[in-house]
Amino acid sequence: MKIRARNTLIGKIIEVTKGATTAHVRLELSCGQVITSSITNEAVDELGLKVGDSATAVIKASDVMIAID
């Protein structure tokens, strides 16, 4: 796979929860942090995503906000 996005995080899928049309996929990174992605159920099926699989989160955003308390 070739991709131009520079922000990628590799991890292991720890949970896939399908809703009516959208699924939440939880990915645990090697540092122990967990990120969640919302994708279509169709994408989950097409990619064959399942718990225990290795996967890469590709983050593409034009804005990143930082806040403090």
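All of these numbers come straight from a predicted model, not from anything done at the bench.

K.L.:
I tried to follow the pairing of strand β1 (residues 7–18) on my own but got confused; where do I start?
P.N.:
Side-chain positions along a regular strand alternate between the two faces of the sheet. Pairing of β1 with strand β4 (residues 54–59) involves six bridges; the strand directions are antiparallel. What sits directly across from Lys 12, in β4, is Ser 54. Both β1 and strand β2 (residues 22–29) contribute to a ladder of seven bridges, which runs antiparallel. Bridge pairing in β2 places Lys 12 opposite Glu 28.

K.L.:
I keep staring at the layout of surface pockets and nothing clicks. Help me out?
P.N.:
One water molecule sets the probe size; rolling that probe over the atoms shows where empty space is left. Approximately 390 Å³ is the volume attributed to the largest pocket. Along its surface, the largest pocket is lined by 15 residues, and Ser 37, Ile 39, Thr 56, Ala 57 and Val 58 are the ones closest to its centre. Contributing elements (two or more residues each) for the lining of the largest pocket: β2, β3 (34–40) and β4. Here the lining of the largest pocket gets six residues from one element, more than from any other, and that element is β4. Here the lining of the largest pocket is built from residues that sort into eleven nonpolar, four polar and no charged.

K.L.:
Which parts of the structure should I look at to understand the nonpolar core?
P.N.:
One recurring pattern in soluble globular proteins is that nonpolar side chains are buried together. The biggest cluster of nonpolar side chains holds eight residues, and these are Ile 13, Ala 23, Val 25, Leu 27, Leu 29, Val 44, Ala 55 and Ala 57. Only β2 and β4 provide two or more residues apiece to this core. Top element by residues in this core is β2. It accounts for four residues. In this structure Val 44 touches Val 16, Lys 18, Ala 23, Val 25, Ile 39 and Leu 49, once residues within four positions along its chain are discounted.

What counts as what
- Residues numbered from 1 in each chain as written.
- Predicted model: local features only at pLDDT ≥ 70, side-chain atom pairs only at ≥ 80, totals over all residues.
- Heavy atoms only, no water.
- Pairing = 2+ DSSP bridges.
- Helix = DSSP H or I, 4+ residues; strand = E, 2+ residues; numbered from the N terminus.
- 1 Å grid on protein atoms, 1.4 Å probe; cavity = no way out; pocket = protein on both sides within 12 Å on 5 of 7 lines; lining within 4 Å.
- Points joined across faces, edges and corners; volume = space filled by probe spheres on them.
- Nonpolar A, V, L, I, M, F, W, Y, C, P; charged D, E, K, R; others polar.
- Core = buried A, V, L, I, M, F, W, Y, C linked by side-chain atoms within 4.5 Å.
- Buried < 20%, exposed > 50% of the residue type's maximum accessible area, 1.4 Å probe, protein only.
- Contact = heavy atoms within 4.5 Å.

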